[in-house]
Each structure stands twice: as C-alpha cells, then as structure tokens.
Amino acid sequence: MATTDRQATTLALAHALSAAERGLAVIPLSRTKLPALRSPHRDDPAAPPCHGECGHFGHGVYDAATDPARIRELFAAAPWATGYGIACGLPPHHLIGIDLDTKSGTNSSAALRELALRHLFTIPDTVVVLTPSGGRHLWLSGPPDVVVPNSAGRLAPGIDIRGAGGYLVGPGSRTDHGEYATAPGTAHLAPAACPPALLRLLLPPPRTHQPTTPASVGGHGQGLVEFVLAAHEGQRNTRLFWAACRAYEDGIGPALVDPLVEAALNTGLTEREARATIASAARMTGHRP
C-alpha cells in the first residue's frame, strides 16, 4: 500500500473515532464511497438475509459501531479504507442527511429554498459537510419513533435523502474525487432537529384507502385517521406521527388523539406506543401533549 493510502487510512480512523465520540455510528469506506468490507455471503446468492447475525463483518451499515475497539477492528479488517460512513437513523441523533447534489445540473440549494418557502419551514443552523463535487450534506436529527426512508430526487431534483439504512460520507474521508470537509463554522454544532414541515415531506406519501372510520371524526380529521388505518407493518409509527403532526398544526390535535389511538390499535400498535408517538408529534409541533 502506498504511503499516502496508509496516511489516509490512519486519518480516516482518527476521524471515525472522533465521530463515534459524538454518538455517531461509523463504518470504513473505500475510495469509491462504498463500504470497504465485502459481504461474507457474496458467493452464496441463496443465503438468507443477514444483518450481521453470522458474526462476520461485511454487512454495510449493520456493521456500524460507536465502540472504539469495534471500530478499530473494522478498520484493521479493511486496511485499504480511506474514509468512513456515518449510519443514519440510529440513536442518539437519528441522523437524517439532506444531500444537495450538483452533478445533475440542477440548483438543489435553490430547490430546497423554494420548498422551505412553500411549506413554511427554515433550515436551522446545523452541521454542513462539503463534498468534492461542490455539493453539501446537511445533518438533521429526527424523532426516535419515526423512520425516514432513503430517497433520490423524490423531494426535488438534485436532493437525495439519507435515512434509516443509509449512510453519509464523514468529513475527513478521502475518495477518488477528493476530500469531504466540514463547512467553516459548523463543526462544533450538533445535528439540529428536523423542522416538522420538512419531516412530513420526507415521509412516505399517503396512499388511497377507504376503511371504515368513526363518524364523529369529521372531514379532515377522518382523512388523517384513514391514513393511519392504511399503515402496514413497518410504517405504522411513521404514519401515526405524520398524521398527528398535521392534526396539531391544523388545530385539531387534542380532539383527534383518541381516534388516532384507536386507529393505531387497529394496525397492531399498543396504546402505549400510540400515545408516545402522538406525544412526540405534539412536542415537535410546539404543543403540549
């Protein structure tokens, strides 16, 4: 290995350990920005899905760790790594990455400003990472009971979202195209809370569904209850949180708590889970649960 690569690996490990001290789970990355460790199951296409239960490295973000000893083991197994990835969606920050790309020929920063004006939210001061191509990664923190999916261009052209199951290239990483670096004045910041209006845009869009709902709920409230009732396993908390945010912002939150809880119970959530999610939505929108 060339001396420069050894230096890049040493620096990447140092930056990864520093990120872990802030509660960010990390994995080693190669110069291509892909996980440096290949799957141990790559030669067995019939192997059942494995998220690390086999005990070996090579499961992407499922290898991500904050424990320094574990991180050193990961980098020791990948001495060619020149960067590190930060897993999104994990506690304590439940990181959401807003990737403002420049390669598509669109002005992604202007697109985000337009969304902010249209939906009445402001991007708070937060960590900003500058990419070698001239793009930016904005780090935001999500609520613990909401799963934000990964997406590419769904929010607007040139804007990709890194959520649960995804990762962001950490500052200090070196790739084939250059180095990632924290924007001046943001390195000391913690990931800021994602504005509720933006968070709603990041969640899966509603699907048409016409279940039976209590007649007492009323027009708009009934639609929110139906939205929760249409949830499948894996999206129940997310849909409930989205509906509760809408209800509180529209002034019908307190009146809709019980119908939303009843709808959540019908999808398989417990009453405790449902009320905790609704209370989280109330706090996120500036209301007292």
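Residues numbered from 1 in each chain as written. Predicted model: local features only at pLDDT ≥ 70, side-chain atom pairs only at ≥ 80, totals over all residues. Heavy atoms only, no water.

*Asks:* Can you tell me about the pairing of strand E7 (residues 159-162), naming the residues and giving the values?
*Replies:* One ladder, built from four bridges, connects strand E3 (residues 95-100) with E7; its direction is antiparallel. By the bridge assignment for E7, Asp99 is matched with Asp160. Sheet analysis places strand E6 (residues 151-156) next to E7, joined by three bridges and oriented antiparallel. Each residue of the ladder has a partner; that of Ala152, found in E7, is Asp160. Between E6 and the antiparallel strand that follows it, E7, lie two residues; Gly158 among them carries a positive phi value of about 85°. (Pairing = 2+ DSSP bridges. Helix = DSSP H or I, 4+ residues; strand = E, 2+ residues; numbered from the N terminus.)

*Asks:* Got a sec to walk through the confidence of the model for the protein? Specific residues and values, please.
*Replies:* Keep in mind that low pLDDT regions are not for reading the predicted coordinates in detail. Per-residue confidence for the protein gives a mean pLDDT of 88; residues scoring 70 or more make up 92%. Note that residues 207-217 has pLDDT below 50 and, in this model, 20 contacts with residues that lie over four places away or in other chains. (pLDDT = per-residue confidence, 0-100. Contact = heavy atoms within 4.5 Å.)

*Asks:* Quick rundown of helix H2 (residues 68-77)? Include the residues and the values.
*Replies:* Ile71, Leu74 and Phe75 are the residues of H2 that are buried. For H2, the angular spread of the buried residues around the axis is 95°, confining them to a single face. (Buried < 20%, exposed > 50% of the residue type's maximum accessible area, 1.4 Å probe, protein only. Arc of directions from axis to C-beta.)

*Asks:* Let's hear about unusual backbone geometry: which residues, and what values?
*Replies:* Cis geometry marks the peptide bond from Pro91 to Pro92; its omega dihedral reads 5°. Counting through the fold element by element, Pro92 comes out in the loop between strand E2 (83-87) and E3. For Lys33, which is not glycine, the phi dihedral falls at a positive 75°. Assignment of secondary structure puts Lys33 in the loop between strand E1 (26-29) and H2.

*Asks:* Can you break down the sheet that holds E2 residue by residue, with the values?
*Replies:* Pairing is antiparallel across the open sheet formed by three strands, whose spatial order is E1-E2-E8. Of all the strands in the sheet, the pair left with one neighbour each is E1 and strand E8 (167-169). Averaged over all neighbouring strand pairs, the angle between strand axes comes to 35°, with direction disregarded. Across four bridges, E1 lies against E2 in antiparallel orientation. (Axes fitted to C-alpha atoms, helices over the stretch in contact; angles between N-to-C directions.)

*Asks:* Break down the nonpolar core for me, citing the residues and quoting the values.
*Replies:* One finds Ile96, Ile98, Ile159, Leu202 and Leu260 to be the most contacted residues of the largest nonpolar core, which totals 49 residues. Considering each element in turn, this core owes the most residues, eight residues, to helix H6 (residues 236-249). Contacts of Ile96, omitting those with residues within four sequence positions, involve Leu138, Trp139, Leu140, Ser141, Gly142, Val148, Ile161, Arg162, Cys194, Leu199 and Leu202. Membership of the second largest hydrophobic core comes to 32 residues, among which are Leu29, Ala87, Trp139 and Leu168. (Core = buried A, V, L, I, M, F, W, Y, C linked by side-chain atoms within 4.5 Å.)

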